Amino acid sequence: MERTLIIIKPDGVERNLIGPIITRFEQRGLKIVGMKMLQVSDQLARQHYAVHEGKSFFEPLIEYITSAPVVVMALEGPQAVQAARNTIGATKPVEATAGSIRGDFGMMVGRNLVHGSDSPENGAAEIALWFDESELVSYERVVDRWILE
Ligand code: IDP
Ligand code: MG
């Protein structure tokens, strides 16, 4: 089963959208196997976004992601990475499909509410960066037979 890392970014937390954003993933059928709230350190932010180092938006991005607490989740499901990215919507909220989180709640790329891993490999690596193995759970959901075939 595939896993992806989701972050409800500071604007999602400050705008009281934690519940509505989590609901989108829950309704989709993705299983939450880890979840916590934290204030991101400068070091963790730079590690997480290392691939963007040197780009014009890198320093503002670090400032943004460390500006208030975040909620971070590990989600599990078949093709969880792709499913979650479709639920999140395109990077630029103006281009995101209506019905996606960014398409329904966002206006600007630097305030796009949610992070989702972009590949199964990065999903696993990002979950390992943000969670200790002891913070992840394994459980059966009774509804799974109505979500997964
Ligand atoms: P993603 O979050 O949709 O995977 P990435 O290209 O990986 O998008 O960029 C990471 C994050 O960096 C974006 O979610 C957004 O917050 C920020 N970002 C990306 N491109 C820009 C930009 O052109 N201006 C400002 N911020 C940007
Ligand atoms: Mg990305």
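Residues numbered from 1 in each chain as written. Chains lettered and ligands numbered in written order. Predicted model: local features only at pLDDT ≥ 70, side-chain atom pairs only at ≥ 80, totals over all residues. Heavy atoms only, no water.

**Here's the deal with the overall build of the chain**
When helices and strands are counted, the chain shows eight helices and four strands. Secondary structure elements in the chain, listed N-terminal to C-terminal, are β-α-α-β-α-α-β-α-α-β-α-α. For the chain, whose C-alpha radius of gyration is 15 Å, the value lies close to the compact-globule estimate of 15 Å for 149 residues. Across its three principal directions, the C-alpha atoms of the chain cover 45 × 35 × 25 Å. Here the chain, with 149 residues, has 45% of them falling under the buried criterion. For the chain, the proportion of contacts with a sequence separation of at least 24, taken over those separated by at least 6, is 77%. (Helix = DSSP H or I, 4+ residues; strand = E, 2+ residues; numbered from the N terminus. Rg over C-alpha atoms; globule rule 2.2 N^0.38 Å. Buried < 20%, exposed > 50% of the residue type's maximum accessible area, 1.4 Å probe, protein only. Contact = heavy atoms within 4.5 Å.)

**Examining the nonpolar core**
The biggest cluster of nonpolar side chains holds 19 residues, and the ones touching the most others in it are L5, I7, W130 and F131. Of all the elements, helix α4 (residues 58-65) adds the most residues to this core, at five residues. Beyond its immediate chain neighbours, meaning those up to four positions away, F131 contacts L5, G34, M35, K36, V72, M73, A74 and L136. (Core = buried A, V, L, I, M, F, W, Y, C linked by side-chain atoms within 4.5 Å.)

**Topic: the pairing of strand β3 (residues 70-77)**
Along β3, eight of the eight residues are buried, which leaves the element largely enclosed by surrounding structure. Of the pairings in the sheet, the one linking strand β1 (residues 2-8) to β3 comprises seven bridges and is antiparallel in character. Note on β3: the bridge partner recorded for I6 is M73. When strand β2 (residues 31-38) meets β3, the two strands line up antiparallel, connected through seven bridges. When the sheet's bridge partners are listed, L38 is paired in β3 with V70. (Pairing = 2+ DSSP bridges.)

**Considerations on the site of ligand 1**
All residues adjacent to ligand 1 are K9, Y49, H52, F57, L61, R85, T91, R102, V109 and N112. Measuring from an oxygen atom of ligand 1, one finds a side-chain N or O atom of H52 at 2.9 Å. Within the side chain of R102, an N or O atom sits 3.1 Å from an oxygen atom of ligand 1. Summarising the interface, the protein chains cover 75% of the accessible area of ligand 1, which totals 530 Å² for the free molecule. (Near = heavy atom within 4 Å. Polar contact = N/O pair within 3.5 Å; in protein donor to acceptor, adjacent residues only side chain to side chain. Areas by Shrake-Rupley, 256 points an atom, 1.4 Å probe, with all protein chains shown as cover.)

**Observations concerning the packing of helix α2 (residues 18-28) against helix α5 (residues 80-88)**
At their nearest, the axes of α2 and α5 sit 11 Å apart, and the two run at 135° to each other. When the axis of α2 is compared with that of α5, the two are oblique. Considering the relative orientation of α2 and α5, their crossing is right-handed. For the pair formed by α2 and α5, the contact residues are R24, F25 and R28 on the first element and A83, A84, N86, T87 and I88 on the second. Residue classes in the contact of α2 with α5 are distributed as four nonpolar, two polar and two charged. (Axes fitted to C-alpha atoms, helices over the stretch in contact; angles between N-to-C directions. Parallel < 35°, antiparallel > 145°, perpendicular 65-115°, else oblique. Left-handed = near helix turned anticlockwise from the far one by under 90°. Nonpolar A, V, L, I, M, F, W, Y, C, P; charged D, E, K, R; others polar.)

**Side note on the pattern of salt bridges**
The tally for this structure, following the rule as stated, stands at seven salt bridges. Between D144 and K31 there is a salt bridge, and its shortest N-O distance comes to 3.8 Å. With D144 in helix α8 (residues 144-147) and K31 in strand β2, the pair connects residues that are 113 residues apart, well separated along the chain. For the pair formed by D144 and K31, the shared burial category is buried. Here the salt bridges do not stand alone but share partners, grouping K31, R141 and D144 into one network. (Salt bridge = Lys/Arg side-chain N within 4 Å of Asp/Glu carboxyl O.)

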